[in-house]
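# Reading the structure
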Amino acid sequence: MNAIDRRAFLAAATASALVTNLKYAAAQDAGKPAQAYRRFEDLYRNKWTWDRVSRGTHGTNCAGTCAFNVFIKNGVVWREEQQAMYDGHADSDTPDYGPRGCQKGLRHAKYMYGKQRILYPMKRVGKRGEGKWERVTWDQAAREIADKFLDVSAESGPQAISWGSGTQMSVKVASYSALARFANISGVTVPEFYSGVGDLPTGVYMTVGQVYLGDVMASVYKSKCVLVWMANPAVTRIPDAHFFWEAKYNGTDVIAISPEFTPTAMHSSMWVNPKPGTDTALAMSMVHTILEDKTYNAPYIKEQTDMPFLVRKDTGRFLLGTDMSIVGKLAVDENVFYIWDQKTNKVVQAPGTGMAEKPMNRERRKYESIALGNLDPALEGTWKVDTLDGEIEVTTVFEILKKHAAEHSPEKTQSITGVHPSVVKNVARKFAAAKPGMIYSGYASCKWLNGDMLQRAMMMLLALTGSTGQEGGGIQFANAPKAGGMLAFAFADVGPATRIVSATTWDYDHGKMKDLNEQVYGKELAERCDAKYKESVREAYFPKYHEKGWRMGFFMGNNGANWRASGKKWREDAFEKLEMIVALAPDMGVTPFYADYVLPIAHHYERADIMFQSRTPYIQILDSAVPPLGEAVDDWDAIYIISKAISARAKERNIKSFFDDVDGRSVHRDPQRYHDLYTMDGRIRSVRDVIQFIINTTPGVPKMSFAEMAKKGIVRVDDSDIAAWNGDNSPYHNDVFRCVRDKRPYETLTGRQQYYVDHPWFLEDGEQLPSHRAPMRIPGYPMQFMMGHARHGIHSMWRDDHLLLQLQRGEPDIYINPKDAAARGVEDGDLVRVFSPLGEFFVNAHLSNGIQPNMLFMYHGWDPMMFKNRQNFGAVITTAGLIKPTSVAGDYGHLGYRVLAFAPNQTYKDFTCDFELAERRNQSAKT
Amino acid sequence: MAPGMANTSHAPVVLNPLTPIGLRDADSARARTLAYALFSNLLASPFDAKVSYALHDLVQQLADTTHVLPFTFDLSDVEDAAKAFDDADMGLIRRQYSGLFEVGSDGPPVPLRAELVRTNESVAKEEIIRFYEHFNYALNPSFQWAPDHLSILLEFVQTLAHQESAAADARALLSLQLAQRDFVARHIADWMPGVMDRLSRNAQQSSFFGAVVTALNRFIRADLAWQNQSLDASVEGAR
């Protein structure tokens, strides 16, 4: 090329579109004078400024909903900062809520750009789990997914398609509403994760017919004695832990009860460390102490509980209207219960009873009263009464309880719990003297097979001391918003037609869990669990959505293949058997890894939503700081795209509408209309419209536009003047407060806080009152395996962040008592193999004297992708198939399947395993 | 050498005899503009509708450009890889590109975003933005989330070289030349070894796009060396 040719070539080439049409630049401001540049330091002469500061938070279910400012420049989120603009306090004498935040949230501006992000729709091109992907367009993915959806729906019914959700959506109300609406329209099965992750407080429900009893965190400050039981707020409630310590310095006894020495125990007034799985024995021995001391609140338990109710001594069943010769034939008196009135010395119908048992008549309960008036129910005694069966002896629940509690005296339980009787009595007396007392419980109590009985015992302690229904008292789980707004959105135009099933039973049915029970616990136990569950389904206590099989699974807002209890087995026998797996997620993890299609979902700062979290009196807004990265979309848009493809393909394939049998109701479903129905015929255009719908229709939410809310970031809700959700106009459930304050019947069979359950299955298993049951041990495997929420991650989110990993060991670790380690030749830092009859996983040994012998402790949430062989603790947990018979009982007032209220929990903690040295890593260790 | 510049900046380079050293003129800027534009296009995502995917044409243009660059640059490995590559098969192009650069179980096998390769990601990203602002380079909103993507970094250098080719006065010219050298050294050359390391561990290293990245790595080293040699004398005087 000579000089002339060269010049001509260059002139032509640089004038071509290749050079002049920039691919990425929006525009270059030619009019703006160029700045001189001499060296890179020149770049730093101008002050760094932000284009915008938006309000945001992290839409994960850590219960924090911490108000953050998010700083944006050039379309990039650079940093975040705690907003700190809370308006003070719950009332005049409690600490305030701000600032709120933790290291995970303060790391998110970096994490959201990390390598784990899913940025584009991906299609699997290798075998499942091989990790080979190709990027595809949203159109291609949606079309292929839609075709499979329509095929399965036509061949097996929509119930053979699951649309699972999880903790990434549970507090993002608008996104969750979108999912609920599509599920309602299409009839897909939604395996609910509340029980699925073992978080459902079934024992609380058995007692008061309600699971949402939590108050704001300032309530801790109002308590006089807080038992922090199966909870570790110093680690798991970082923005709120200060309430405990401020309460302590204000004179409240903060007593931590946990087998391991937790960071919470470290700061508490007292630490009680029962052996793992013996908490019910400890609780009942405290009950015994209060009964023995006669320090119980008699007026409260006479009015609010079933303790004065009469029980037949011959059958152990409540004395009912149907037993009595006078009124037994009158249908209207179904479910009449009786007390013995000490003033008239007669059997008298208990006020507020006599309502129809099936269905629970909630409307009527609003107008009934449990006020005793002139009655004075006896708590103790035995009497003879005339019944249709002749004269029988009756006594009270309280009388039975006294004898039952005597079996759990502190002296008798010491050998079980390892706690000295003097400690038990000391704690029980402190608690009884406190007005009011509180039990701050984590969800760990739900993860034990017999955790329901622990919760019933906790509730009993609170009832005996008159603490439930008092500001600063009661049991503290998270409350939840009254369902008005979300359900109104889900059901608008179409009516309720949703299939929601417990993930526990769904997994049992599809994961061959009976086989697991038989393998680990023997045929007798396996057959019994199975028979009771099948009877429950046969009798329609629980739904039978599983009967058409499970062929296609959507996983949205969750990492479902991570958290399943017996995860290895579930993955092999259920998950990987699916004909199509679609994972919708912001980050890579084990669930997307095994999926056929992976669809990118917007992360916390890339989307709008409205967050309800009862731990504070504020609604938190999630506003879009930047557009979703790559081709990510928010959950509303993802369902929008998929539903549009389903309807388009249904039209192209001429797929007709059909009638769908949902719980005996015939529901008309038309795939060609799914998309129009989802968008309310175009009236709902984006998640912001959903949010506005929620604002407009949810009680207790100040009525304003989303834009106004987004400017503030946080908005105080109505009826939040005191540190308890006791008002009728707040967004949160206040049922129990109403029962105590207004003397309305509880939503239980007896209309009272019900401690005696005379359902035949409870009597059969000796669970009519809460009792200690020995933890489930596997012979030959001595180590009780315990887990808890982590400091450096929320479930599996942020666990793989490299900076947060530097604050830990850089890899998953397991806490081991040095004596157990020494017995196996393990030193700190070694790699150990943990094993059970189900399988094995490998993990870093973290030796700690804070762990009891014969116990292992591991923070949960580590994704299998972070372990050798991609197996985490789900490879050794043997309990996923343990469906407790009493948790599938029905035909008994409030007992029977009730969505997000009564269902069997997936059991996580109640098993044993063992460990051995796998690899010597500690260079200083003697070999 | 400015602090933080890559060690490769003074690597031996064979100058193209058509462009004597010191003769850093409009033609050398045009040639480099073209080369950066072509590499930017070759490494743009084929899912981006704004990009031309006549890859053989791009390779041919790049091969032609090697003859006018002010230093010798061999593109034969890319040309060889292109021979076996059907650029009419958009599916193949997309699969190969996305499988290497965009998607994967632990992030893409060979990330093209600097922050996924280098360690001091936030500081580096901030400086990239400062460079862009200094020279009025504003990204389209849909690409703003990834200002450190290799293809975008190359396009930015392309715009600087293009401005250099039309610069009217000596001060502006010098600004643009210094900025190119620093930007290439501090924000491309410094993490290319990481990209090459990941590529060497990937089965697709000999694929078409693997060959493009390998060629780019050589090109960046050669260009940076030439920039240093062509600037050293005059720049020190100007400073």
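In what follows, the structure referred to is the one given above.
The following refers to the structure shown. (Residues numbered from 1 in each chain as written. Chains lettered and ligands numbered in written order. Predicted model: local features only at pLDDT ≥ 70, side-chain atom pairs only at ≥ 80, totals over all residues. Heavy atoms only, no water.)

### Some thoughts on the packing of helix α1 (residues 3-14) of chain A against helix α1 (residues 26-42) of chain B
The contact between α1 of chain A and α1 of chain B brings their axes to 10 Å, and the two run at 50 degrees. In terms of their interaxial angle, α1 of chain A and α1 of chain B are classed as oblique. Between α1 of chain A and α1 of chain B lies a crossing whose hand is left-handed. The segment α1 of chain A lies against α1 of chain B, with R6, R7, F9, L10, A13 and T14 of chain A engaging D27, R30, A31, T33 and L34 of chain B. Among the residues making up the contact of α1 of chain A with α1 of chain B, the classes are represented as 5 nonpolar, 2 polar and 4 charged. (Axes fitted to C-alpha atoms, helices over the stretch in contact; angles between N-to-C directions. Helix = DSSP H or I, 4+ residues; strand = E, 2+ residues; numbered from the N terminus. Parallel < 35°, antiparallel > 145°, perpendicular 65-115°, else oblique. Left-handed = near helix turned anticlockwise from the far one by under 90°. Contact = heavy atoms within 4.5 Å. Nonpolar A, V, L, I, M, F, W, Y, C, P; charged D, E, K, R; others polar.)

### Points about the sheet that holds strand β3 (residues 68-73) of chain A
Residue and element names in this part refer to chain A. As summarised here, the arrangement of the 3 strands in space is β2-β3-β4, forming an open sheet in which the pairing is antiparallel. The open sheet has two edge strands with one neighbour each: β2 (52-56) and β4 (76-82). When the angles between neighbouring strand axes are averaged without regard to direction, this sheet yields 30 degrees. Two elements, β2 and β3, share 5 bridges in a ladder whose sense is antiparallel. Note that in β3 the partner of R55 across the bridge is N69. (Pairing = 2+ DSSP bridges.)

### Points about empty space enclosed by the protein
Residues and elements named next belong to chain A. This model, assessed by the stated rule, comprises 7 cavities of 30 Å³ or more. The space that makes up the largest cavity amounts to roughly 150 Å³. Taken together, 19 residues line the largest cavity, and the ones lying closest to its centre are C62, C66, C102, K104 and I794. The residue inventory of the lining of the largest cavity, partitioned by class, reads 9 nonpolar, 8 polar and 2 charged. (1 Å grid on protein atoms, 1.4 Å probe; cavity = no way out; pocket = protein on both sides within 12 Å on 5 of 7 lines; lining within 4 Å. Points joined across faces, edges and corners; volume = space filled by probe spheres on them.)

### Brief notes about the interface of chain B and chain A
Listed by partner, the interface residues are 74 residues for chain B and 55 residues for chain A. A per-residue breakdown of the area chain B buries against chain A is headed by R130, H134 and W145 of chain B, which together make up 13% of the total. Between the two partners, chain B and chain A, sit 5 salt bridges. Taken together, the connections running from chain B to chain A amount to 25 residue pairs in polar contact (both at pLDDT 80 or more). The set of elements that each furnish at least two residues to the side of chain B that touches chain A consists of α1, α2 (55-66), α4 (90-101), α5 (121-134), β1 (137-139), α6 (150-166) and α7 (170-189) of chain B. The greatest single-element share of the side of chain B that touches chain A, amounting to 11 residues, is contributed by α5 of chain B. Of the residues belonging to the side of chain B that touches chain A, the class tally is 28 nonpolar, 24 polar and 22 charged. (Buried area = accessible area lost by both parts, 1.4 Å probe. Salt bridge = Lys/Arg side-chain N within 4 Å of Asp/Glu carboxyl O. Polar contact = N/O pair within 3.5 Å; in protein donor to acceptor, adjacent residues only side chain to side chain.)

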